[in-house]
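Summary of the model geometry
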Amino acid sequence: MCLSTVYINDISDDSIIMKNVASIDINNGVVILTDLMERKCTVEGSLKSANLVDGYVILKANKD
């Protein structure tokens, strides 16, 4: 099983959105994260980069 930590805009301790993410869905500009315990988190944005070997995903936040 490949679990990841999801960050917003860059990798830093202050930008962690969710840990142990098991799935990511993107629907109409909304990123839906689901962790190992089936908790969900939504973020308005898009995928910036992902490295599943190293276990991280970076999202780019939409600016209002």
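Structure's up top.
Let's shift gears to the sheet that holds strand β4 (residues 40-51). An order of β1-β2-β3-β4-β5 is seen for the five strands of this closed barrel, with the pairing classed as mixed. Averaged over all pairs of adjacent strands, the angle between their axes in this sheet comes to 60°, without regard to strand direction. One ladder, built from five bridges, connects strand β3 (residues 30-35) with β4; its direction is antiparallel. Paired with L33 across the two strands is C41, which belongs to β4.

Moving on, we come to a nonpolar patch on the surface. A grouping of I24, I26 and L47 is seen on the molecular surface, where their side chains present a nonpolar patch of about 260 Å² in accessible area. Residue placement: I26 occurs in strand β2 (residues 16-27). For I26, a relative accessible area of 51% corresponds to the exposed category.

Here we take up the side chain of T5. Following the sequence through the fold, T5 ends up in strand β1 (residues 4-8). Sequence-distant contacts of T5, defined by excluding residues within four places in its chain, comprise I16, M18, K19, G55, Y56 and V57.

The biggest cluster of nonpolar side chains holds nine residues, and these are V6, I8, M18, V21, V31, L33, V43, V57 and L59. Elements represented by at least two residues in this core include exactly β1, β2, β3 and β5 (56-61).

Rules used throughout
- Residues numbered from 1 in each chain as written.
- Predicted model: local features only at pLDDT ≥ 70, side-chain atom pairs only at ≥ 80, totals over all residues.
- Heavy atoms only, no water.
- Pairing = 2+ DSSP bridges.
- Helix = DSSP H or I, 4+ residues; strand = E, 2+ residues; numbered from the N terminus.
- Axes fitted to C-alpha atoms, helices over the stretch in contact; angles between N-to-C directions.
- Patch = residues over 30% accessible without salt bridge, like charges linked within 9 Å, V, L, I, M, F, W, Y side chains within 5 Å.
- Areas by Shrake-Rupley, 256 points an atom, 1.4 Å probe, with all protein chains shown as cover.
- Salt bridge = Lys/Arg side-chain N within 4 Å of Asp/Glu carboxyl O.
- Buried < 20%, exposed > 50% of the residue type's maximum accessible area, 1.4 Å probe, protein only.
- Contact = heavy atoms within 4.5 Å.
- Core = buried A, V, L, I, M, F, W, Y, C linked by side-chain atoms within 4.5 Å.

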